[in-house]
Structures are given as C-alpha cells and as structure tokens.
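Close look at the chain arrangement
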Amino acid sequence: MRQAKISGNIISRLHRNEYVSLSTIESICRVFQCRVDDVLDFKFPRAPVVTQSPESLPRTADIWNRRYLGNKFKLLKFLRGIVDENCSGVETVADIFSGTGAVASAFTDKTVITNDLLYSNYLCNLAWFGSEKVRLPLLENLIAEHNRADDLPANYMTDNFADTYFSKRDCTKIGFVREDVEEKYRLGVINERERAIIVASLIYAMDKIANTCGHYDAWRHGATFERRLILPVLNVPAENNRQNCCFNEDSNELVRRIEADLIYIDPPYNSRQYSDTYHLLENVARWQKPPVHGVARKMNRAGLKSLYCTSKATDAFEDLIQHCDAKYILFSYNNMANKGNARSNARIADEDLFRILNAKGDVEVFAKKYKPFTTGKSDIRGNEERLFLCKVRRRN
Ligand SMILES: C[S@@+](CC[C@H](N)C(=O)[O-])C[C@H]1O[C@@H](n2cnc3c(N)ncnc32)[C@H](O)[C@@H]1O
C-alpha cells in the first residue's frame with residue numbers, strides 16, 4: 001500500500017472484486033514488477049447448467065466431430081509434414097475445396113483462406129476461421145437456451161421432414177433454432193460469425209443423430225429415434241487471424257482473384273455430387289424454406305452442381321491450375337482411376353493430372369494407404385490418398 005501509494009479503501013475494493021482504476025493496477029504492477037494479468041483475471045458467467053437429464057448437459061465439439069465424405073482429418077499430420085519439409089516461406093494457405101475445413105485447421109499458424117460451393121460448409125468455415133471477434137459466453141448462453149427450448153410450434157422442418165431423418169420433435173427444434181438465429185441476427189443481437197457458429201453447432205448436432213448412414217440420399221424407415229438433438233458448444237477461438245477470409249463460390253471463379261503462398265486443392269473425385277449427399281444440411285443452412293420432393297425430400301439444387309463430378313472435370317481442373325497464383329499447389333486425388341464402380345471411379349485420368357500439373361511446375365507425388373469415410377458398403381481396396389506437390393515455375 002505504501003509503495004504503490006494506494007489507500008485501504010482500494011484494498012477493500014480489490015477484496016470484494018469490485019472495480020478499481022487502471023492507474024491503481026499500474027501502480028501495483030510497478031511495485032511487484034509483474035504483468036497486468038498477474039494481478040487481474042476476468043471470470044465470465046457460465047451458461048446455467050441444465051440438470052434434467054445427462055443428455056441435456058452442455059456438450060462441446062471440435063472441428064473433426066463431423067462425418068463428411070472425403071474429409072482429410074486422418075491425413076493432417078502427413079499433409080502438414082509434406083508442407084513443412086518441402087515448402088519455404090508459406091505465410092498464406094488457401095484451402096479452396098475446404099469442406100469441413102479440416103485442412104485449414106492444420107494451418108492456423110498462417111493466414112488461411114477457405115472456400116466451398118456449399119453454403120453449409122461456408123458457415124462452418126466462417127465459424128472456425130472467420131476474422132470477426134465473437135462473444136463466447138453469449139454463445140454458450142444462447143446454445144443452452146436452444147437446448148432447453150421445448151413444446152415448440154410446428155414449422156417448415158416439421159411440415160416437410162417429421163419422422164424421416166429426425167423425429168418430429170427434433171425437426172421442430174431444428175426449425176425453431178434456425179428461425180431464432182436468423183431473427184437474432186436481423187435484430188443485431190448476434191454478429192455474422194456468431195450466427196455462423198450457432199448454425200454450425202446445429203449442423204454438428206444434426207450430423208450426430210441423423211437417421212442415415214452418413215448421407216441424406218435416404219433415411220432408414222421404421223427408426224425409433226432414440227437420441228435427441230443436442231447442440232454442442234463449438235470449441236472455436238474468440239479471435240482468429242484478422243487476415244483470414246472465407247468464401248462461398250466456385251473455386252474456378254475465386255482462383256482468378258486470390259493469391260496465396262500455398263493453394264490446397266481437394267475437389268470431389270467421382271460423380272457423387274456433394275449437394276445431393278448433403279442437401280438437408282444445405283437447406284437448413286440457407287434457410288430459404290424451398291419446396292422439397294421425393295422420398296429423400298430434396299430441394300432444387302440447380303447452381304450447386306460441381307463440374308468436378310462430371311465429364312467436364314478435366315477441363316475444369318486445367319482451367320483451375322492455369323489460374324492459380326501461388327508458389328506451391330498441393331493437390332489431393334486418390335488412385336481410384338477405374339477400380340470401383342461407375343460412381344466411385346475418379347473423374348480425371350492420371351495422364352491428364354500429370355500433364356496439367358507438369359505444365360505449371362515441378363511435381364512430386366506423396367502417397368499414403370488410407371481407409372476413407374464412405375457412406376455405404378463400398379469395399380474399396382488398395383485405396384491410396386495421393387498428394388501432388390507442384391512447385392510453381394512462374395507465378396501469374
Ligand atoms: C473432397 S471434399 C473436400 C474435403 C475437405 N478437404 C475436408 O477435409 O473436409 C470436396 C469439396 O469440394 C466442394 N466443391 C465441389 N465443387 C466445387 C467447386 N467448383 N468450387 C468450390 N467447392 C467445390 C464440395 O462441396 C466438397 O465440400
């Protein structure tokens with residue numbers, strides 16, 4: 001007290017955890033030669049704990065807690081190792097077919113750019129990597145509120161999806177949460193990234209209990225829907241690198257406008273359109289409440305089809321590579337050329353891959369045996385995930 005020249009009154013305030021001035025904190029730090037956070041700490045009020053059932057206790061989720069076709073969670077160490085050992089001066093990484101954002105998550109020590117054609121993936125990527133600052137305690141409270149909400153009125157989800165992929169009750173909950181998030185965003189209660197985080201939490205919750213084998217081409221008839229929908233609190237950072245950018249467009253368009261030290265390219269390999277497989281997540285993310293058709297209850301997906309799943313894949317890939325402005329291009333493509341059935345065969349032939357990449361730079365191939373996440377019974381033997389590293393000769 002004597003050395004810092006502060007009164008007994010201020011000491012009492014400190015004891016009671018009440019506010020004191022910054023100059024008081026400065027004086028204390030000078031006396032003890034310590035830093036501000038040695039003297040003070042913020043304790044945020046936590047979301048009230050729900051006690052009714054163990055199921056309703058707050059859950060958390062990390063980026064890899066998602067089932068997604070072609071995700072690279074298991075390859076991250078291998079992939080990062082290749083970059084660290086073979087590439088220099090990489091400060092910016094663009095993951096332009098980002099899906100779950102798994103690969104971007106291995107480069108959070110750099111500036112990351114993400115992009116995906118699906119809006120549902122864009123929102124998840126914005127949640128994990130967006131540059132906007134978010135209020136985690138507020139998000140925890142909102143998610144706890146959503147988990148507690150019960151006895152809700154029927155809505156778009158109830159009317160169109162009750163007792164298909166989810167129980168009637170959970171469909172109603174999904175519709176309620178989605179509507180509420182939109183309303184809170186419209187009123188300015190939450191910012192854009194906070195909105196993305198709650199929608200992403202909803203996507204993770206749906207993925208966990210969906211009455212499917214991982215995709216939304218069909219639902220299992222006669223299911224009993226034992227597990228209830230619980231939104232997890234996503235372990236997102238409150239703040240990310242301020243230079244990060246997330247996009248939601250065709251990569252062939254985007255690549256004409258961006259530059260990065262490393263561009264990672266992980267397009268679909270076969271004829272299975274992601275917009276067909278994940279139509280329901282996309283529908284909930286977009287929340288335009290379109291009419292849905294057929295047993296699988298799909299919305300119109302025009303505009304969401306990828307050329308990489310069609311016979312135009314080779315031309316699209318050539319155009320993409322020609323327009324990449326990067327020091328390094330890292331490209332994932334498996335070795336399924338003609339090994340599986342017509343749907344799982346790779347759309348771009350090996351000779352075309354090499355021709356196109358060799359025209360851009362010097363190419364080295366790294367391969368790893370890999371059991372991918374598939375959605376059905378497809379028995380894919382000898383599957384190898386291959387990474388093509390292209391050291392670009394001359395940047396655009
Ligand atoms: C193989 S997955 C990527 C998986 C991702 N690396 C991960 O670890 O989750 C391919 C992704 O490309 C997206 N996609 C397909 N065509 C696209 C295009 N023309 N532009 C941007 N994204 C596209 C799909 O929506 C899908 O999420």
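This one's a predicted model, so the numbers in the text were calculated from it and none came from an experiment. (Residues numbered from 1 in each chain as written. Predicted model: local features only at pLDDT ≥ 70, side-chain atom pairs only at ≥ 80, totals over all residues.)

Topic: the overall build of the protein chain
Helix and strand content of the protein chain: 15 helices and nine strands. Counting every position in the protein chain, which comprises 396 residues, the buried fraction comes to 36%. Considering only contacts in the protein chain between residues 6 or more positions apart, those separated by 24 or more positions represent 73%. (Helix = DSSP H or I, 4+ residues; strand = E, 2+ residues; numbered from the N terminus. Buried ≥ 20, exposed ≤ 12 C-beta atoms within 10 Å, placed from the backbone. Contact = placed C-beta atoms within 7 Å.)

What to know about the packing of helix α10 (residues 192-209) against helix α13 (residues 279-286)
Each pair of packed helices can be described by the angle between their axes along with the distance between the axes. Viewed as axis vectors pointing N to C, α10 and α13 meet at an angle of 155 degrees, and their least axial separation amounts to 10 Å. With respect to each other, α10 and α13 are oriented roughly antiparallel. The element α10 and its partner α13 pack so that their crossing is right-handed. In this structure, α10 contributes Val199, Leu202, Ile203 and Met206 to the contact, and α13 contributes Leu281, Val284 and Ala285. (Axes fitted to C-alpha atoms, helices over the stretch in contact; angles between N-to-C directions. Parallel < 35°, antiparallel > 145°, perpendicular 65-115°, else oblique. Left-handed = near helix turned anticlockwise from the far one by under 90°.)

A word on the site of the ligand
As a matter of local geometry, the ligand sits amid 23 residues, with Gly70, Phe97, Gly99, Ala102 and Ser306 nearest to it. Looking at the shell around the ligand, its residues break down into ten nonpolar, nine polar and four charged. (Near = placed C-beta within 6 Å. Nonpolar A, V, L, I, M, F, W, Y, C, P; charged D, E, K, R; others polar.)

Considerations on the confidence of the model for the protein chain
When pLDDT is averaged across the protein chain, the result is 90; 90% of the residues are at 70 or more. Considering only residues more than four positions removed or in separate chains, one finds that residues 47-52, a stretch of pLDDT under 50, has eleven contacts. (pLDDT = per-residue confidence, 0-100.)

With respect to the pairing of strand β9 (residues 384-392)
Two elements, strand β7 (residues 326-334) and β9, share seven bridges in a ladder whose sense is antiparallel. Each bridged residue has a counterpart across the sheet, and for Tyr328 the counterpart in β9 is Lys391. As paired strands, strand β8 (residues 361-369) and β9 are joined by nine bridges and run antiparallel to one another. Bridge pairing in β9 places Asp362 opposite Lys391. (Pairing = 2+ DSSP bridges.)

As for helix α1 (residues 8-15)
Every α-helix winds through 3.6 residues per turn, so residues three or four apart in the chain are directed the same way. Within α1, only zero of the eight residues are buried, which leaves it mostly out in the open. Of the residues one or two after α1, Asn17 is the one with positive phi, at around 60 degrees.

Quick look at the nonpolar core
The biggest cluster of nonpolar side chains holds 90 residues, and the ones touching the most others in it are Ala127, Ala200, Ile263 and Ile329. Setting aside residues up to four positions removed in sequence, Ile263 forms contacts with Ala94, Ile96, Cys324, Ala326 and Ile329. (Core = buried A, V, L, I, M, F, W, Y, C linked by C-beta atoms within 7 Å.)

Re unusual backbone geometry
Across the chain, the bulk of peptide bonds are trans and the bulk of non-glycine residues have phi less than zero. Of note in this structure, Asp163 is not a glycine but carries a positive phi near 55 degrees. A residue is classified by how many C-beta atoms lie within 10 Å of it, and Asp163, with 16 of them, is partly exposed. At Lys289, a residue that is not glycine, the phi angle is positive and equals roughly 50 degrees. Relative to the elements of secondary structure, Lys289 occurs in the loop between α13 and α14 (313-323). Judged by the 17 C-beta atoms lying within 10 Å of it, Lys289 falls in the partly exposed class.

Some details on the sheet that holds strand β2 (residues 92-95)
Spatially, the seven strands line up as an open sheet ordered β5-β3-β2-β6-β7-β9-β8, and their pairing is mixed. Looking at strand neighbours, the two that pair on one side only are β5 (245-247) and β8, the edges of this open sheet. Pairs of neighbouring strands in the sheet enclose a mean axial angle of 15 degrees, with direction left out of account.

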